[in-house]
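Remarks on the overall topology
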Amino acid sequence: MKIIKKPYKLTARIKAIKKNGKTVGFVPTMGSLHEGHISLIKKARKENEIVVLSIFVNPTQFGPKEDYKKYPRNFSRDKAIAKKAGVDIVFAPSAENMYPEGVSTCVEETNLSKILEGAIRPGHFKGVTTVVLKLFNIVQPDISYFGQKDYQQAVIIKKMVKDLNLDTNIKVLPTVREKDSLALSSRNIYLNQEERKSATILCHSLTSAKKLIENGLTNTEEVKKKIRTMIKKEKISGIDYIEIRELETLQPVKKITGKVVILLAVRIGKVRLLDNMIIK
Ligand code: PAF
């Protein structure tokens, strides 16, 4: 497994790989790898000749009061996990390499990025789309892999790829969960024992809502009310949103007649947890 830190070095290597007609699968991450990332790497391994994993805690997607400095970083552990999972190249640039002095260009999706997470974390998705576009330009992947856990992020990236005619396929893989159903996230380590127990309410309330819908409840306000009541029984610090939206446009749905996604953002202790479920 090769470790490359400079963007121009990776671009040169990718050029050589592509010259030999090999396909490149790409898994972008901020490190602190867990089973969710491993499932993306394994899928990329199956479907491509070369697998590139990026590890870069992207400063531009964190707000001024967010946890950029504190975000968990463990490069040696991540390297070992990446190697075991079958990664060929780890791209681990520094912030200075990705954003040299004087950089003044960014890319912004201007519609979907303003709602839900975007309304609570202004500028977050601008940082995400800018870094992902830069990474796509450096890695030139045939297929890029994202997790459904960050549902809105995946929808926005697919929209950017379509809007800007980017030449990469996006695959979104199911959320990987702990045995007790908590969605894996690098930030779960911030939860104390009691909070960790309460956190399972996200998935449990989604599963209950799914059952209610499957049994014929179609009024979204009623479904949302039931979810809220369930979540509020736990010791939480607050609910940022409980939303039922159309899959691609993320527009609100009044009556459930087709596929929808239920999206949750709940604060437990000092941790914001996201989860979602697609209802077919
Ligand atoms: O999902 C993440 O880990 C990040 O938002 C991403 C896509 C790697 C961009 O920094």
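An account of the accompanying structure is given in this report. (Residues numbered from 1 in each chain as written. Predicted model: local features only at pLDDT ≥ 70, side-chain atom pairs only at ≥ 80, totals over all residues. Heavy atoms only, no water.)

Across its full length, the protein holds ten helices and nine strands. Against the 2.2 N^0.38 benchmark of 19 Å for 280 residues, the protein shows a C-alpha radius of gyration of 19 Å, consistent with a compact globule. For the protein, the C-alpha atoms occupy an extent of roughly 55 × 40 × 40 Å along the three principal directions. Within the span of the protein, comprising 280 residues, buried residues form 51% of the whole. Counting contacts in the protein only where the partners sit at least 6 residues apart, residues at least 24 apart contribute 72% of the total. Accessible surface, the protein as shown: approximately 14,500 Å² in total, 51% of it carbon and sulfur. Positive and negative side-chain charges of the protein, numbering 52 and 29 respectively, have mean locations separated by a distance of 3 Å. (Helix = DSSP H or I, 4+ residues; strand = E, 2+ residues; numbered from the N terminus. Rg over C-alpha atoms; globule rule 2.2 N^0.38 Å. Buried < 20%, exposed > 50% of the residue type's maximum accessible area, 1.4 Å probe, protein only. Contact = heavy atoms within 4.5 Å. Areas by Shrake-Rupley, 256 points an atom, 1.4 Å probe, with all protein chains shown as cover. Lys, Arg positive; Asp, Glu negative; His and termini not counted. Charge placed at Lys NZ, Arg CZ, Asp CG, Glu CD.)

Ordered in space as β7-β8-β9, the three strands form an open sheet in which the pairing is antiparallel. Looking at strand neighbours, the two that pair on one side only are β7 (238–245) and β9 (271–279), the edges of this open sheet. Shown here is a sheet whose adjacent strand axes are inclined to one another by a mean of 10°, direction ignored. In the packing of helix α10 (residues 220–232) onto the sheet, contacts are made with β7 and β8 (260–268), and the angle to β7 comes to roughly 150°. (Pairing = 2+ DSSP bridges. Axes fitted to C-alpha atoms, helices over the stretch in contact; angles between N-to-C directions.)

Turning to its location among the elements, aspartate 275 is positioned in strand β9. Among the residues examined, aspartate 275 registers a relative accessible area of 3% and is labelled buried. Separated by 2.9 Å, the side chains of aspartate 275 and arginine 177 make a polar contact. Excluding residues within four positions of it along the chain, aspartate 275 makes contact with Arg177, Ala183, Leu202, Cys203, Leu206, Ile262, Leu263 and Leu264. (Polar contact = N/O pair within 3.5 Å; in protein donor to acceptor, adjacent residues only side chain to side chain.)

Counting buried residues along β8, eight of its nine residues qualify, which places the element largely inside the surrounding structure. Alignment of β7 against β8, held across seven bridges, turns out to be antiparallel. Across the sheet, residue arginine 245 finds its bridge partner in β8, namely valine 261. As paired strands, β8 and β9 are joined by nine bridges and run antiparallel to one another. Bridge pairing in β9 links leucine 263 to asparagine 276.

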